[in-house]
Amino acid sequence: MILVIAEQKDGQVNRASWEAIVAAQQTAEPVVVVVAGQGSAAAAADLAAAQVTEVVAIDGPGLAQYTADGFTAAYAQVVAERQPAHVFIAHTYQTRDFAPKLAARLDRSILTDCTAVKAGTPLTFVRPMFQAKLAADVAIEGPAPHFVTFQIGSFKVDELAKGSAPAPVVAVSAAVDIVRQQPDAPFREARQAVDLTQAERIVSVGRGIKAPENIPLAKELADALQAELAASRPICDAGWLPMERQVGSSGQTVAPKLYLALGISGAIQHVVGMKGARTIVAINKDAEAPIFELADYGIAGDIFEVVPQVIAALKA
Amino acid sequence: MKIAVCLKQVIKRDSTLRVDDARTWVRDADAEFEMNEPDAYALEEALRLKEQHGGEVIVVSAGPARVQTVLREGLARGADRALHVESDALAQADAFAIAGALAAAIGPEQVDLVLTGLQSDDQGFAQVGVVLAEKLGIAHATIIMEVKVEGGALRVKRELEGGWFQWVGLPLPALLTIQSGINTLRYATLKGIMAAKKKEIRRVDAPAGVAPRQKIVSLYFPEKTKQTRMITGSPADAARELVRVLREDARVF
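Remember, predicted model here, so these are calculated numbers, not experimental data. (Residues numbered from 1 in each chain as written. Chains lettered and ligands numbered in written order. Predicted model: local features only at pLDDT ≥ 70, side-chain atom pairs only at ≥ 80, totals over all residues. Heavy atoms only, no water.)

Participant: Could you give me a rundown of the sheet that holds strand 5 (residues 54–59) of chain A, with the residues and numbers involved?
Facilitator: Working definition: the strands of a sheet are paired by backbone hydrogen bonds and lie parallel or antiparallel to each other. Residues and elements named next belong to chain A. On the basis of which strands lie adjacent, the open sheet formed by 7 strands has the order 7-11-6-1-4-5-12 and parallel pairing. Only two strands of the sheet have a single partner each, and these edge strands are strand 7 (110–114) and strand 12 (169–173). Looking at each pair of strands side by side, their axes are set apart by 20° on average, direction ignored. Sitting on the sheet, helix 1 (residues 15–25) is in contact with strand 1 (2–6), strand 4 (31–36), strand 6 (86–90) and strand 11 (146–150), with an inclination near 150° to strand 6. Against the sheet, helix 2 (residues 40–47) engages strand 1, strand 4, strand 5 and strand 12, with an angle of about 170° to strand 5. (Pairing = 2+ DSSP bridges. Helix = DSSP H or I, 4+ residues; strand = E, 2+ residues; numbered from the N terminus. Axes fitted to C-alpha atoms, helices over the stretch in contact; angles between N-to-C directions. Contact = heavy atoms within 4.5 Å.)

Here is the structure:
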């Protein structure tokens, strides 16, 4: 049996959790879904539409808001009772916060950020290595259950198998004793002045731009294309462009007609924010950069030689 | 405040990687290494906390003899001393093995705070910090963008997804995994480099009998899932062709 730990916020199931259910369904093992916290009853009712044998909703004192201590204790109880062969979870920020702790608590192995499952006995899992320049097939050893987390976007929600009737929902009250984290309500920083999500064309810069003095070159290209200027995280971390122009898991998620990546290697944290673009162009001097896996058009070359020529060609 | 910072030595980001003959790891015998970038931000945060609140910063690394280079670099940037859990097997170990090794070094030190980067540039598990907190029996919070020490406890700003954040209070001792960009990195001064030569790197025995929990069956360059058209030629020719295909084929403007 595969136990899927689903994530919910105010009763709304996280989209990536549906993907984890799809991953579990595609192994042909029976699937049980568990969801915790305030709102878990509403989320469980939605999750019951999937073709699964059971949905478990956990609530109780200490689980009103997400905390690593509270949710680890609650899930540890369910995993210990159900004895699954695998536990599948979407690799969200919340999962990164509690899942390694949960596996360590139960002294079981956890493999994170997987992108595919390879059939066989035992199952093997595909995951990126070295900033996604390489991929590895990994087998998990030691006693079950084995915990596996899946990168967001690795499975398609529209491949979800739905049941002919809703799956039974079981409500469980968890005994959570000590919660050391005291969370305030989540908040957003001041409203973003730049809405990259609406941009038709985006020119985005990465580490390859090398120095802040070179940003105007990218800006000139953006202007010639009537595009917005954006960047990967390291550029914003360094303060070369404001945080509001960051594309990626910690910035904005964009889907323009054209995404032109300059000196961007294509680390997954960036890719999740832009892979929905219709046409992707990459210019990078490293011909093996993972961004070329994703690009429709690529130029393996020095951006400082190529970009001025592109600007000239656009103006010609 | 007594702070331990975990530093991982990883293959340099822009290295050309080659898979080894066993097809389970990269050829790293002649590779260039560097400090894992998120860990550098964790070290910087520790140094700033020490400047504000006093105390001691201990840098810790688990790996073969070569990881002393990053420990020495940490000392040059301002850490007070270093712990090295030396084992060749830890060079490509899973997160549980590394967390176990780090716990063996940090546990007896009775520190107030442990900082790690949020993940490593090589295997990228994003596990070691959280597993280490569980092994040490201390509270943790992940992907931290700001740290405040208030009345013997912490208030930290956690990064959530899609531009959301959250302040979380937690008691000391605690472990935090630090997000890149939390601060601006300092680099070692000549004075720091000279001072580091006199600072102690103490060796700690790796825990015995830790069986690997995960096995890389095969390491390879990912197959292309998308048909990429690589445009070749001189910069001028490639640029003209790119503009033509964007206008005529992709029709993006």
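Participant: Residue-level account of the domain arrangement of chain A, with values.
Facilitator: Residues and elements named next belong to chain A. Segmentation of chain A into domains returns domain 1 (2–173) and domain 2 (196–315). The gap between the C-alpha centroids of domain 1 and domain 2 is 34 Å. Between domain 1 and domain 2, the contact holds 8 residues from the first and 7 residues from the second. Interface of domain 1 and domain 2: buried area, both sides summed, is about 580 Å²; carbon and sulfur atoms make up 52% of it. Scanning the region where domain 1 abuts domain 2 turns up 0 salt bridges. Our enumeration of links across domain 1 and domain 2 arrives at 1 residue pair in polar contact (both at pLDDT 80 or more). (Domains from an automatic or database assignment. Buried area = accessible area lost by both parts, 1.4 Å probe. Salt bridge = Lys/Arg side-chain N within 4 Å of Asp/Glu carboxyl O. Polar contact = N/O pair within 3.5 Å; in protein donor to acceptor, adjacent residues only side chain to side chain.)

Participant: If you had to explain the sheet that holds strand 16 (residues 228–231) of chain A to someone new, which residues and values would you point to?
Facilitator: A sheet is described by the order of its strands in space; here 6 strands give the open sequence 16(A)-15(A)-17(A)-18(A)-19(A)-13(B), paired in parallel fashion. The open sheet is flanked by strand 16 of chain A together with strand 13 (229–230) of chain B, the only strands paired with a single partner. In the packing of helix 6 (residues 235–248) of chain B onto the sheet, the strands contacted are strand 17 (258–262), strand 18 (279–284) and strand 19 (297–300) of chain A together with strand 13 of chain B, and the crossing angle to strand 19 of chain A comes to about 170°.

Participant: Tell me about the interface of chain A and chain B, and name the residues and values.
Facilitator: Opposite the 81 residues of chain A that make contact, chain B presents 86 residues. Carbon and sulfur atoms supply 53% of the area that chain A and chain B bury against each other, a total of about 7400 Å² over both sides. Counting every contact that joins chain A to chain B gives 6 salt bridges. The closest approach of N and O atoms between R105(A) and E134(B), which form a salt bridge, is 2.6 Å. At 9 residues, helix 4 (residues 93–105) of chain A tops the list of elements feeding residues into the side of chain A that touches chain B. Classifying every residue of the side of chain A that touches chain B gives 39 nonpolar, 17 polar and 25 charged. The pairing of strand 19 of chain A with strand 13 of chain B spans 2 bridges and is classified as parallel. Bridged to G298(A) within strand 13 of chain B is M230(B). (Nonpolar A, V, L, I, M, F, W, Y, C, P; charged D, E, K, R; others polar.)

Participant: Just give me the short version of helix 6 of chain B, but keep the residues and values in it.
Facilitator: Along an α-helix, residues three or four positions apart point the same way, because every turn accommodates 3.6 residues. Between its terminal C-alpha atoms helix 6 of chain B stretches 20 Å, which fits the 20 Å expected from 14 residues at 1.5 Å a residue. For helix 6 of chain B, the full list of buried residues reads A238(B), A239(B), E241(B), L242(B), V243(B), V245(B) and L246(B). (Expected span 1.5 Å × (residues − 1). Buried < 20%, exposed > 50% of the residue type's maximum accessible area, 1.4 Å probe, protein only.)

Participant: Describe the pairing of strand 10 (residues 134–140) of chain A, and please don't skip the residues or the numbers.
Facilitator: Burial analysis of strand 10 of chain A places 7 of its 7 residues in the buried class, the great majority of the element. Of the two faces of strand 10 of chain A, the one lined by L134(A), A136(A), V138(A) and I140(A) and the one lined by A135(A), D137(A) and A139(A) are each fully buried. In the sheet, strand 9 (residues 124–129) of chain A pairs with strand 10 of chain A via 6 bridges, with the strands oriented antiparallel. Bridge pairing links F125(A) to V138(A) in strand 10 of chain A. Hairpin connection, strand 9 of chain A to strand 10 of chain A: the antiparallel pair is bridged by 4 residues, and F130(A) has positive phi, about 50°. As paired strands, strand 10 of chain A and strand 12 (residues 214–220) of chain B are joined by 6 bridges and run antiparallel to one another. Each residue of the ladder has a partner; that of A135(A), found in strand 12 of chain B, is Y220(B).

Participant: Could you give me a rundown of the packing of aromatic side chains, with the residues and numbers involved?
Facilitator: One pass over the structure, following the stated rule, counts 10 aromatic pairs over all chains. Summarising the aromatic geometry, the rings of Y66(A) and F98(A) are spaced 6.4 Å apart at their centres and angled 55° between planes, so their arrangement reads as tilted. Here Y66(A) is found in the loop between strand 5 and helix 3 (68–82), whereas its partner F98(A) is found in helix 4, with 32 residues between them in sequence. We note that Y66(A), like F98(A), is buried. Summarising the aromatic geometry, the rings of F88(A) and F125(A) are spaced 6.2 Å apart at their centres and angled 85° between planes, so their arrangement reads as edge-to-face. Here F88(A) is found in strand 6, whereas its partner F125(A) is found in strand 9, with 37 residues between them in sequence. Note on F88(A): relative accessible area 0%, which makes it buried. A network of ring pairs unites the aromatic residues Y66(A), F71(A), Y75(A) and F98(A) as a single cluster. Directly above the ring of W164(B) sits K9(A), whose terminal nitrogen or CZ lies 4.5 Å from the centroid. In this arrangement the basic side chain of R66(B) is found over the ring face of F33(B), its NZ or CZ atom lying 4.0 Å from the centre. (Phe/Tyr/Trp six-rings, centres within 6.5 Å; stacked < 30°, edge-to-face > 60°. Lys NZ or Arg CZ within 6 Å of the ring centre and 35° of its normal.)

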